Amino acid sequence: MVDIVVLGATGYTGRLIAQYLATHPQRSSFTFGLAARSQSALDKVFRGLNLSKDDVPAFIMDVTNSSDVNAVVQQARVVINTIGPYWRWGTSVVRACVHHGKHYVDLTGEVHWIKDIIFELDYAAVKSGSIVVPCCGLDSVPSDILAFVANKTLKSFGGPSTTIDLSTSAWKLGGASISGGTFSTILTALEDVPKRKLLAIGQNFALSPVEGTHSARPRMLYTLPYSDPPVYGAWYFMAITNSQVVQRSWGLYELARRLNHHNATAVAPFTYGPNFKYEEFVILPSALYAMVYSIVFAAIAALLVCFQPARWLARRIMPGPGEGPSAKQLQSGSIKITNITTSSLNSQGEKIVVRSIFRGRGDPGYFLSSIMISECALALVLDGAILPQISTGGGILTPMTAFGDVLVERLRRSGHVDIESELLVGTEARKTR
């Protein structure tokens, strides 16, 4: 029995996770194992990371074989699943975790699949006590964290009854490009997933147990409120996933508030309010650039959706699954996400405005994602006693409803992520952690 098992350890991201866990400052406090389909490929990972099988157990597992999956899942407390596309290969792993009462985290960005596993397995996960948290990487930890910390800052200055009106995140990615795995997942969704399921994920609150206030529809040009000089940008293609995860966090908090109306003070610090809206975009140099970018992006997307030859060509141009950047590129990447969150009007007719920033050093899609998902798994293993109360009952959760401040602090201590939040308008300027 190990604390954590990494499925897909021979893939690019799986190897990064194995390396991060093997060198973690708390390494003496947890155990982990590596699982993959190929013995020879797994042996290569062990040699490359200088790992001993006496210290790190190895498991051979074919994700298409339910007996293999069940056998490996039973050997761990927490499963890190890096094997995608999750629409094809993820459901059997989640089923096994839920059946055996194990915890689960992954790197999916596939909203259609998350919607399916919520429908099939959320209730069973609550019954078994299994904490299942999809989207524990770049999709959608930063977005979920920014809405969470902004809400805390608003309430710290405006009081526990302060609620959010609009939360906007502006992404600036340095040295990052779409990964081979992500692109393969997009093409798989276009070719294999029923169109009705893809259309359903475009609806607001598709993953939320509660219907909320709808956010604005995607548009060609975005601006970041209260920014001088102005910050312009265009629709970010991962906004579909990130917005749905943030809205599910809102919905889970709101549902908890309604179910705990007799003890509202325990839930109030986490709720975002009935008017909460969330959106995000990628920063570009100018308004004109953003509009041209939007037009070109829409044209490429239409080609991929409508023409199979376009997808055939894209597969030959784009990196394939398992491919990733060089060691130098891993270290040279960066991310900075600036979030502006405004409160609803208070009793004096005023708004409070908060600016929160998420900074990451290293390639966002690979290096930082491997850190994020590893720290999520370690939170389940080492910090169970201080996880948010909403997570203790199990279920299909989100990064913030599952981990809350525990994950925020873990990422800060990693040395690769900075998270800050400060009051911008409405009272004396002050920062809060």
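In this text, all values refer to a predicted model and were calculated from it rather than measured experimentally. (Residues numbered from 1 in each chain as written. Predicted model: local features only at pLDDT ≥ 70, side-chain atom pairs only at ≥ 80, totals over all residues. Heavy atoms only, no water.)

> Would you mind showing me how to read the environment of Ile131 here?
For Ile131, the location among the structural elements is in strand 6 (residues 131-133). On the basis of relative accessibility, which here comes to 6%, the residue Ile131 falls in the buried class. In this view, Ile131 contacts Lys102, His103, Tyr104, Leu380, Ser391, Gly394, Gly395, Leu397 and Ala402; residues no more than four positions away in its chain are not counted. (Helix = DSSP H or I, 4+ residues; strand = E, 2+ residues; numbered from the N terminus. Buried < 20%, exposed > 50% of the residue type's maximum accessible area, 1.4 Å probe, protein only. Contact = heavy atoms within 4.5 Å.)

> Explain the environment of Glu254 here, please?
Looking at the secondary structure, you find Glu254 in helix 10 (residues 239-259). On the basis of relative accessible area, Glu254 is assigned to the buried category, the value being 4%. Put simply, Glu254 and Pro209 are 45 residues apart on the chain and 8.9 Å apart in space, counted from C-alpha to C-alpha.

> Where do I start with helix 5 (residues 91-100) in this structure?
The periodicity of an α-helix, 3.6 residues per turn, causes residues three or four positions apart to be oriented the same way. Those residues of helix 5 lying buried are Thr91, Val93, Val94, Ala96, Cys97 and Val98. Positioned one or two residues after helix 5, Gly101 has a phi angle of 70°, which is positive.

> When you look at the pattern of salt bridges in this model, what are you seeing that I'm missing?
A pair can form between side chains of opposite charge whenever their charged atoms are brought close. A full pass over the atoms with the stated rule returns 19 salt bridges. Lys197 serves as the salt-bridge partner of Asp116, at 2.9 Å between the closest nitrogen and oxygen. Of this pair, Asp116 sits in helix 6 (residues 111-128) while Lys197 sits in helix 9 (residues 195-200), and the two are 81 residues apart along the sequence. Across the pair Glu375 and Arg410 runs a salt bridge, and its minimum N-O distance is 2.8 Å. (Salt bridge = Lys/Arg side-chain N within 4 Å of Asp/Glu carboxyl O.)

> Would you mind going over the UniProt feature "domain: Saccharopine dehydrogenase NADP binding" (unreviewed entry) in the protein chain with me for this structure?
Using the residue numbers shown here, the UniProt feature "domain: Saccharopine dehydrogenase NADP binding" (unreviewed entry) corresponds to residues 4-133. Helix makes up 47% of residues 4-133 and strand 19%. Its end C-alpha atoms lie 14 Å apart. (UniProt positions renumbered as here; feature names shortened; annotations may be inferred.)

> Is there a simple way to think about the packing of helix 15 (residues 364-382) against helix 17 (residues 405-413) in this case?
Between two packed helices, what matters for the description is the angle formed by their axes and the separation of those axes. Running from amino to carboxyl end, helix 15 crosses helix 17 at an angle of 125°, the nearest separation of the two axes being 10 Å. Considering their axes alone, helix 15 and helix 17 lie oblique with respect to each other. Along this stretch, helix 15 crosses helix 17, giving a crossing that reads as right-handed. Of the residues in helix 17, those in contact with Ile371, Met372, Glu375, Cys376, Leu378, Ala379 and Leu382 of helix 15 are Val406, Leu407, Arg410 and Leu411. Classifying every residue of the contact of helix 15 with helix 17 by side-chain character gives 9 nonpolar, no polar and 2 charged. (Axes fitted to C-alpha atoms, helices over the stretch in contact; angles between N-to-C directions. Parallel < 35°, antiparallel > 145°, perpendicular 65-115°, else oblique. Left-handed = near helix turned anticlockwise from the far one by under 90°. Nonpolar A, V, L, I, M, F, W, Y, C, P; charged D, E, K, R; others polar.)

> Any chance you could explain the side chain of Glu280 here in plain terms?
Structurally, Glu280 is set in strand 10 (residues 277-284). For Glu280, which is buried and forms no salt bridge, the nearest opposite charge comes from Arg219, at a distance of 12 Å. Within the local environment of Glu280, its side chain forms a polar contact with the side chain of Trp171, the two groups lying 3.3 Å apart. A distance of 2.6 Å separates a polar atom in the side chain of Glu280 from a polar atom in the side chain of Tyr278. Apart from the residues lying within four places of it in its own chain, the contact partners of Glu280 are Ser143, Ser169, Trp171, Tyr222, Tyr236, Met238, Ala239 and Asn242. (Lys, Arg positive; Asp, Glu negative; His and termini not counted. Polar contact = N/O pair within 3.5 Å; in protein donor to acceptor, adjacent residues only side chain to side chain.)

> Is there a simple way to think about the pairing of strand 4 (residues 76-81) in this case?
Side-chain positions along a regular strand alternate between the two faces of the sheet. With 5 of 6 residues buried, strand 4 is to be regarded as a mostly interior element. One ladder, built from 5 bridges, connects strand 1 (residues 2-7) with strand 4; its direction is parallel. Paired with Val6 across the two strands is Ile80, which belongs to strand 4. By the bridge criterion, 4 bridges tie strand 4 to strand 5 (residues 103-106) in an arrangement that is parallel. Its bridge partner being in strand 5, Asn81 is matched across the sheet by Asp106. (Pairing = 2+ DSSP bridges.)

> So what exactly am I meant to see when it comes to the UniProt feature "transmembrane region" (unreviewed entry) in the protein chain here?
Following the UniProt record, one finds the feature "transmembrane region" (unreviewed entry) at residues 287-307. Along residues 287-307 the backbone is 95% helical and 0% strand, and the end-to-end C-alpha distance reaches 30 Å.

> Please explain the nonpolar core as it appears in this structure.
Nonpolar side chains in soluble globular proteins tend to be buried together. In terms of nonpolar packing, the biggest core is built from 78 residues, with Ile4, Leu34, Val105, Phe358, Phe403 and Leu411 touching the most fellow members. A per-element tally of this core places helix 15 first, with 12 residues. If near-sequence neighbours (up to four positions away) are discounted, Phe403 is found in contact with Val105, Val133, Cys136, Cys376, Ala379, Leu380, Leu387 and Pro388. (Core = buried A, V, L, I, M, F, W, Y, C linked by side-chain atoms within 4.5 Å.)

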